[in-house]
Structures are given as structure tokens and as C-alpha cells.
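If you want the building blocks of each chain, they are given just below.
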Amino acid sequence: MTNTQTAAEERIPVTVLTGFLGSGKTTVLNKLLRRPELADTAVIINEFGEIGLDHLLVEKSDDEGMVTLNSGCLCCTVRGDLVRTMSELFLKRAKGEVTPFKRMVVETTGLADPAPILHTLMTDPLLASRYRLDGVVTTVDGVNGASTLDNHEEAIKQAAVADRILLTKVDIAEAPKFKELQARLRQLNPGAPTHSITEGEIDPNQILNAGLYNPESKTADVKKWLQAEAYEGSHDHGHGHHHHGHDHGHDHDHDHKHGEQDPHDVNRHDDRIRSFCMTFDEPMSWSTVAAAFDALVTYRGPDLLRMKGILNVKDTDKPVVIHGVQHVFHPPATLEAWPEGDDRKSRVVFITRDIGQSTIRKVFASFFEAEKKGWGQRDIAESTIRKVFASFFEAEKKGWGQQEQQQQ
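The model shown is predicted, which means the values in this text are computed figures rather than measured ones.

### What about the packing of helix α11 (residues 286-300) against helix α12 (residues 357-373)?
The angle between the axes and the distance between the axes are what describe a pair of packed helices.
Phase 1: Put simply, α11 and α12 touch, their axes get as near as 9 Å, and they point 140° apart. One element, α11, and the other, α12, form an angle in the oblique class. Of the two elements, α11 crosses α12, and the hand of that crossing is right-handed. On α12, the residues that touch Thr288, Ala291, Ala292, Phe293, Ala295 and Leu296 of α11 are Ile360, Val363, Phe364, Phe367, Phe368 and Glu371.

Shown next as C-alpha cells:
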């Protein structure tokens, strides 16, 4: 496990800017490029033609698709692939060939799933040693956002994995529909603060430094990063390891209305998304937690859209931070100390597709039970595996997230 504070201070924070076609992402980026707060920022975009840079802003450019703006911001297009582009930029920075940028913004195409970019930042050894993910910022069209979410699953994923959501075109949106869209996004991703913006104007401080590490205090800001309190709503109490859940999916007994549409309409892509926080009262064995996550990733990796948490692990007084996107997990990191006043309970936020909280709860319960009985016994291990797969098969029979009911 790595020391988060030391590693974070040495690596360049990366903000991923995503959003569906027509959501105003380009306008937002164009406005951001003019802000002095991005003076020490390298921005990777797809095509300069899409951004429409004002020539008055350009201080100098070269033949390799690199432009320096008079604001101090460095812009370049993707060359070959993202890994190559980010690596080349870092080397140019080290050699003094470009502005010594202190952060990076990566723009995705309108149809892009942001997950592969997050995977790259987590798993590529070269990039992981030089850069760290600061956050995902997603733009959503305030006028046409509802229909986009209805018709394009990629747009749902972009909003679901976001750390910040920017609702654009608020000045021309119809108030009732706009409020419905706001409520829908809050339910889809409760932990992501939503900002309503006009003509692409946003204070950069609202979207930068969204990650675990706070550069001002030079410490890990777990509460801000995890946003666990945003998931508080419904409660269910598990057994065995005393874990509680706060689920914002559609597998409540409550009726969540979105306009006149049936909230359980299988044609609604976000009806498949679950967002919840699970809390564990007792310290956990790292090997047991890792085994539980391995089982989830093996069977349903693509549907574990994002997971992040802080764990109270046995045999250490320091908290352990985890962060995963689908089947890829960032190496667990150890913080210097628990946040002041923290109750030292483990908390894990899940955003999933077609996996209800009760299924994940059963998987963890099976591994905790096996740990109590003694992992070394062969029959215990086999029994645990059977229980885990039984949980998955049971959920599959019920239609996964469609019909799965919470255990009370």
C-alpha cells in the first residue's frame, strides 16, 4: 500500500472532462482556457477545430499540434493515443521544452465512455507514477439532457461516474423540466455536486481539486472525496459484520416518479443504475475484503461502474483508501491518520449497473462468515464460493436490478 500524501504531492492531478454531444462541453472548455486559474495547466483535446480557439489568445504554436495561450495554458491534441501524448508532454516538461504545467485536463469525445481513460491512469505504470486522477467532470445539456439520458447509455455512464456535474444552458431551459433533470441526476449520482451554468461560465475552483488530495491543506480530504452523507436516505441493516446501507437505486419499496414515465420502465437506462454507500462497523481483514471485491469483479466487473471507500483494516491504525472503476482497482493507499472526529467505520460508495445493494451485501457477508469460521478449512472455502455464486444466480433470476428487493 502506498502513502497517499507523499505520492499525491509528487504527481500531476488530471481532470477528465466528458459530456455527450451537444451538452456544451466545448463551450465550457473554451471558457476555461481563458481563465488565469488554468495558467499552469496542460489541456489535451481532440481537435483544435472543435474548440475554435480565438487567435488573439494564442501566444505561440508549433508543428506538433501544441499551442501556448497568453493565459499560460498549454493546449495539445491527442497524438497517436492518450498514453503517448501524456508521456511525451511529461518528458517535454522535464526537459524544459514546454511550460512547467502543474495540472492537466483531458477532454473526451462526446460519444466516449470515460472508463478506459480512468483505467489508463490507474494501470499504466509510467502514467501512474507521474499523474493522478483528480476527478471526472461531466457536462449535461439542461435543455435536452433528459432525452439524451433516455436514448444513450453512454450519457448515463458519463453522469454516473462523475465527481462534478455541470448542467448547461440553464438560461434557455424550461424550469419544470430542468428541475426534473436535476432531481434525476441527484438520484443517479448523489455524491456528485451539480452546478448550473450559463454560456459555459464556471469558476474553475468548483471543478478542480475534486480528488482525495487537498493541495491547500496538503492532506487527504476523505469527507469531500467520498461524499458518503449524500447517500443517506433509506437504511437497511445487514447481519454478521454489522453493515448498513444507504441505497439510491430503484430497488426500494418507494415509488420514484420521473414525470409521467414508469420508474421501473426497462427502457430507461438510469433505472439500471444503483448508487449507495455501505458502512461496516468492525475492522476488516484486508485479505477478506480483497477476496470479496475479487469475486464481484470476476463475475460483474463491467457493471461496477465506480467504487471508492475508506476502510478500517485490522493490524493497522491508519485508514486504507480504495478506488475502482469496473474491473480495475487503483493500488490501495494508506493515509497518515484518520480524519479528526471520524468514527473509524469503513465506508464504501458503489455506483453499479444492474447490481442491487442486497447482492453485494450477501457477497461480503459470505466472506466475513468464512473468515470467522477459519479460511484454512477446505469445506469452508468451498461453501463460501457456493454462497457467493448463489447470491449472483438468485439476483440473475430476479432480473438483477430490475426486480431485486432490499432485505430489511
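Next, the rest of the story.
### Quick notes on the pattern of salt bridges
Phase 1: One pass over the structure, following the stated rule, counts 19 salt bridges.
Phase 2: With a shortest N-O distance of 2.6 Å, Arg300 and Asp303 are connected by a salt bridge. Grouping residues by exposure puts Arg300 and Asp303 together as buried.
Phase 3: Arg353 is the salt-bridge partner of Asp303, the closest N and O atoms lying 2.7 Å from each other.

### Some details on empty space enclosed by the protein
Phase 1: According to the stated counting rule, one finds five cavities of 30 Å³ or more in the structure shown.
Phase 2: Considered as a void within the structure, the largest cavity measures approximately 120 Å³ in volume.
Phase 3: The set of elements that each furnish at least two residues to the lining of the largest cavity consists of α10 (222-226), β16 (304-311) and β20 (346-353).
Phase 4: In the lining of the largest cavity, the residues fall into 11 nonpolar, three polar and five charged.
Phase 5: Size it by volume and the second largest cavity reaches roughly 90 Å³.
Phase 6: Secondary-structure elements contributing two or more residues to the lining of the second largest cavity are β8 (131-141), α7 (145-151) and α8 (153-160).
Phase 7: Sort the elements by how many residues they give to the lining of the second largest cavity and β8 lands first, with four residues.
Phase 8: Broken down by class, the residue content of the lining of the second largest cavity amounts to six nonpolar, six polar and one charged.

### Thoughts on the environment of Lys179
Phase 1: Structurally, Lys179 can be placed in helix α9 (residues 175-188).
Phase 2: Put simply, Lys179 and Gly142 are 37 residues apart on the chain and 9.5 Å apart in space, counted from C-alpha to C-alpha.

### What to know about the packing of aromatic side chains
Phase 1: One pass over the full model with this rule turns up eight aromatic pairs.
Phase 2: When the centroid spacing of 5.4 Å and the interplanar angle of 45° are considered together, the rings of Phe280 and Phe364 count as tilted. Residue Phe280 is found in strand β15 (residues 273-280), and its partner Phe364 is found in helix α12; the two are separated by 84 residues along the sequence.
Phase 3: Note on Phe280: relative accessible area 1%, which makes it buried.

### Some thoughts on the nonpolar core
Phase 1: The biggest cluster of nonpolar side chains holds 58 residues, and the ones touching the most others in it are Ile44, Met86, Leu89, Phe101, Met104, Tyr131 and Leu185.
Phase 2: With five residues, helix α5 (residues 115-123) is the largest single contributor of residues to this core.
Phase 3: Discounting residues that sit within four places of it in the chain, Ile44 has contacts with Cys76, Val78, Leu82, Thr85, Met86, Leu89, Met104, Val105, Val106 and Glu107.
Phase 4: The next biggest cluster of nonpolar side chains, apart from the first, holds 24 residues, and it includes Phe280, Ala295, Val297 and Phe367.

### Things to note about the pairing of strand β9 (residues 164-168)
Phase 1: Across the five residues that make up β9, a large majority, five, are buried.
Phase 2: Burial along β9 is two-sided: the residues Arg164, Leu166 and Thr168 and Ile165 and Leu167 are all buried.
Phase 3: For β8 and β9, the ladder comprises five bridges, and the chain directions are parallel. By the bridge assignment for β9, Val137 is matched with Arg164.
Phase 4: Bridging between β9 and strand β10 (residues 194-196) involves three bridges; their strand directions are parallel. Bridge pairing links Ile165 to Thr194 in β10.
Phase 5: Regarding the hand of the β-α-β motif, the stretch spanning β9, α9 and β10 is right-handed.

### Comments concerning the confidence of the model for the chain
Low pLDDT marks stretches whose predicted atomic positions should not be read closely.
Phase 1: Chain-level pLDDT for the chain is 80 on average; 74% of the residues reach the 70-or-more range.
Phase 2: Mean pLDDT across the elements of the chain bottoms out in strand β13 (residues 236-237) (34) and peaks in β9 (97).
Phase 3: Below pLDDT 50 for its whole length, residues 246-267 participates in 66 contacts with residues either more than four positions away or in separate chains.

### So, α9
Phase 1: For α9, spanning 14 residues, the distance from its first C-alpha to its last is 20 Å, which sits close to the expected 20 Å at 1.5 Å a residue.
Phase 2: Among the residues of α9, Phe178, Leu181, Arg184, Leu185, Gln187 and Leu188 are the ones counted as buried.

### Re unusual backbone geometry
Phase 1: Not every positive phi belongs to a glycine, and Asp315 is a case in point at roughly 75°.
Phase 2: Residue classification places Asp315 among the exposed positions, given a relative accessible area of 83%.
Phase 3: Phi is positive for Asp354, close to 65°, though the residue is something other than glycine.
Phase 4: Tracing the chain through its elements places Asp354 in the loop between β20 and α12.

### What about the pairing of β15?
Phase 1: Of all eight residues making up β15, eight are buried, and the element is well covered by its neighbours.
Phase 2: Covered by surrounding structure in β15 are Ile273, Ser275, Cys277 and Thr279 together with Arg274, Phe276, Met278 and Phe280, the residues of both alternating faces.
Phase 3: Across eight bridges, the pairing between β15 and β20 is antiparallel. Pairing of Met278 across the sheet is with Val348, part of β20.

Criteria and thresholds
One numbering rule holds for all chains: residues counted from 1, following each sequence as written. Residue-level local features of this predicted model are given only where pLDDT is at least 70; pairs of side-chain atoms are given and counted only at 80 or more, and the full residue set underlies all totals for whole chains, interfaces and linings. The basis for every side-chain value is the complete set of non-hydrogen atoms in the structure, without hydrogens or water. Between the N-to-C directions of two axes lies an angle of 0 to 180 degrees, each axis being a line fitted to C-alpha atoms and, for a helix, fitted only over the stretch in contact. Elements are defined by DSSP. Helices are runs of H or I of four residues or more, strands are runs of E of two residues or more, and each kind is numbered from the N terminus. In what follows, roughly perpendicular refers to angles from 65 to 115 degrees, roughly parallel to angles under 35, roughly antiparallel to angles over 145, and oblique to any angle outside these ranges. Handedness of a crossing follows from how the near helix is turned relative to the far one, being left-handed for an anticlockwise turn of less than a right angle and right-handed for a clockwise one. The criterion used for residue contact is that any of the two residues' heavy atoms lie within 4.5 Å. We define a salt bridge as a contact between a side-chain nitrogen of Lys or Arg and a carboxyl oxygen of Asp or Glu at a distance within 4 Å. For every residue, the accessible area obtained with a 1.4 Å probe (protein chains only) is divided by the maximum for its type, and the residue is called buried under 20%, exposed over 50%, and partly exposed between those limits. Of the grid points, spaced at 1 Å and generated over the protein atoms alone, those admitting a 1.4 Å probe that cannot get out make up cavities, while open sets with protein on both sides within 12 Å along at least five of seven lines make up pockets; any residue with an atom within 4 Å of a point is treated as lining. Grid points are joined across faces, edges and corners, and a volume is the space filled by probe spheres set on the points. In this classification, Asp, Glu, Lys and Arg are treated as charged, Ala, Val, Leu, Ile, Met, Phe, Trp, Tyr, Cys and Pro as nonpolar, and every other residue, Gly included, as polar. Between rings of Phe, Tyr and Trp, where Trp is taken as its six-membered ring, a pair exists when centres lie within 6.5 Å; planes separated by under 30 degrees are stacked, by over 60 edge-to-face, and by other angles tilted. Residues belong to one nonpolar core when they are buried, are Ala, Val, Leu, Ile, Met, Phe, Trp, Tyr or Cys, and are joined through side-chain atoms within 4.5 Å. At least two DSSP bridges between two strands are needed for those strands to be called paired. A crossover counts as right-handed when, viewed with the strands pointing away from the observer, the path leading from the first strand over the helix to the second turns clockwise. Per-residue confidence from the prediction method is given by pLDDT, with values spanning 0 to 100. Multiplying 1.5 Å by the helix residue count minus one yields the expected span of that helix.

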